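# Fold and geometry: a report
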Amino acid sequence: MAFCGVLAALMIVIMLLGTMIPATEYLCPAVAGVLIIPVVWEFGGKTGALLYLAVALLSLILSPNKEAALFFALLFGWYPLARPKLQHLRRKPLRVVLKLVLFNAALAVIIALLLFVLVSPDWQADAANWTGLVVAGMLVLGNVAFLIYDVLLARISDLYVYRLRPKLFPRHFS
């Protein structure tokens, strides 16, 4: 319980940093999502899902940067929980396509919420200047960045399991 509480507090602090440091509104939710990995390894997916829900709700309530909070709640928070299940698909092309479909669906929901529900003036002003080429370029770059994030999640998970876990929880390995 204490481990999850400490990680939840750390995740909220990271989410709030996205408000204070310009240009980190996408980085901070991604980093906060990485902190779910140890909880899933130590306590299982249900506990990881509860941690995700708690941090998502708290970040939506506490964070003044609703864009970062939405990115955590609708993408970077649940993806580290879903990724191990997606890795069980045997065909790599199908696995990659499914990951990209999930990413693009989440991105579409986030953008729709920012433009039409939360009515972010910054987003609406930017969207008025978007051309088809700009949107296509942003989608391509977003998909590439997401695939890099996916690879980094795998590497960070391996780092946790093989390097950090034996040091944090030595009783499991004696």
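Residues numbered from 1 in each chain as written. Predicted model: local features only at pLDDT ≥ 70, side-chain atom pairs only at ≥ 80, totals over all residues. Heavy atoms only, no water.

## A look at the overall build of the protein chain
Heads up, the rule is: Every helix listed is a DSSP run of H or I at least four residues long, and every strand listed is a run of E at least two residues long, numbered separately from the N terminus. With the radius of gyration taken over C-alpha atoms, the globule rule is written as 2.2 Å times the number of residues to the power 0.38. Buried means the residue's accessible area, taken with a 1.4 Å probe over protein chains only, is under 20% of the maximum for its type, while exposed means over 50%, and partly exposed covers the values in between. Note on definitions: a residue-residue contact is assigned when non-hydrogen atoms from the two residues lie within 4.5 Å. Per-residue and other accessible areas follow the Shrake-Rupley method at a 1.4 Å probe size, with only the shown protein chains counted as cover for residues. We score Asp and Glu as negative and Lys and Arg as positive, and we do not count His or the chain ends. Charge placement uses NZ in Lys and CZ in Arg. For Asp and Glu, CG and CD serve respectively.
Secondary structure assignment for the protein chain yields nine helices and zero strands. Moving toward the C terminus, one meets the helices and strands of the protein chain in the order α-α-α-α-α-α-α-α-α. The C-alpha atoms of the protein chain give 17 Å as radius of gyration, which agrees with the globular expectation for 174 residues (16 Å, within 12%). Overall, the C-alpha framework of the protein chain stretches about 60 × 40 × 25 Å when taken along its three principal axes. When each of the 174 residues of the protein chain is scored for burial, the buried share is 38%. Sequence separation of at least 24 residues holds for 67% of the intrachain contacts in the protein chain that already meet a minimum separation of 6. Surface summary for the protein chain: the accessible area is close to 10,300 Å², and the carbon and sulfur share equals 73%. Taking the 14 positively charged and 7 negatively charged side chains of the protein chain as two groups, their mean positions are separated by 18 Å.

## Observations regarding helix α4 (residues 45-62)
Threshold: One less than the number of residues in a helix, times 1.5 Å, gives the span that helix is expected to have. The arc under discussion is defined with respect to the helix axis, by the directions toward the C-beta atoms.
Here α4 contains 18 residues, and its C-alpha end-to-end distance of 25 Å stays within 8% of the 26 Å for a straight helix at 1.5 Å per residue. Burial in α4 covers these residues: Gly48, Leu51, Tyr52, Val55, Ala56 and Ser59. Along α4, the residues classed as buried sweep out an arc of 130° about the axis, all on the same side. The exposed residues of α4 that point more than 90 degrees off its buried face are Lys46, Leu50, Leu57 and Ile61.

## Focus on the nonpolar core
Burial of nonpolar side chains together is a common tendency in soluble globular proteins. For the record, the criterion: Among the buried residues, those of types Ala, Val, Leu, Ile, Met, Phe, Trp, Tyr and Cys that are joined through side-chain atoms within 4.5 Å form a nonpolar core.
Core analysis: the biggest nonpolar cluster contains 20 residues, and Met11, Ala32, Ile36, Leu51, Tyr52, Val55 and Phe72 have the highest contact counts within it. At the level of elements, α1 (2-20), α2 (27-34), α3 (36-43), α4 and α5 (66-76) are the ones that each hand at least two residues to this core. Per-element tally for this core: the top contributor is α1, with seven residues. Those residues in contact with Val55 that lie beyond four places of it in its chain are Ala8, Met11, Ile12 and Phe72. Listed in part, the 18 residues of the second largest apolar core include Phe71, Tyr79, Leu100 and Ala106.

## Some remarks on the pattern of salt bridges
Selection criterion: Salt bridge, as used here, is a side-chain nitrogen of Lys or Arg placed within 4 Å of a carboxyl oxygen of Asp or Glu.
If you walk through the whole model with that rule in mind, you get three salt bridges. The residue Arg165 makes a salt bridge to Glu42 at a minimum N-O spacing of 2.6 Å. Within this pair, whereas Arg165 is found in helix α9 (residues 132-168), its partner Glu42 is found in helix α3, the two being separated by 123 residues in sequence. When its relative accessible area of 15% is taken as the criterion, Arg165 is described as buried. Assessed through its relative accessible area of 15%, Glu42 is described here as buried. The partner of Asp150 in a salt bridge is Arg83, with the nearest N and O atoms 2.7 Å apart. On the criterion of sequence distance, the pair formed by Asp150 in helix α9 and Arg83 in helix α6 (residues 79-86) is long-range, its members being 67 residues apart. According to the relative accessible area criterion, Asp150 is buried, its value standing at 8%. Residue classification places Arg83 among the buried positions, given a relative accessible area of 13%.

## A word on the packing of α3 against α4
How we decide: Where helices are involved, their axes are fitted lines through C-alpha atoms of the stretch in contact, as for all axes, and angles between N-to-C directions lie from 0 to 180°. Reported orientations rely on four angle classes, namely roughly parallel under 35 degrees, roughly antiparallel over 145, roughly perpendicular from 65 to 115, and oblique for the rest. By definition, turning the near helix anticlockwise from the far helix through less than a right angle yields a left-handed crossing, and turning it clockwise yields a right-handed one.
With their axes 7 Å apart at the nearest point, α3 and α4 run at an angle of 150° to one another. One finds that α3 runs roughly antiparallel with respect to α4. The interaxial crossing formed by α3 with α4 has right-handed handedness. Residues Ile36, Val39, Val40 and Phe43 of α3 touch α4, and the partners they reach there are Gly45, Thr47, Gly48, Leu51 and Tyr52.

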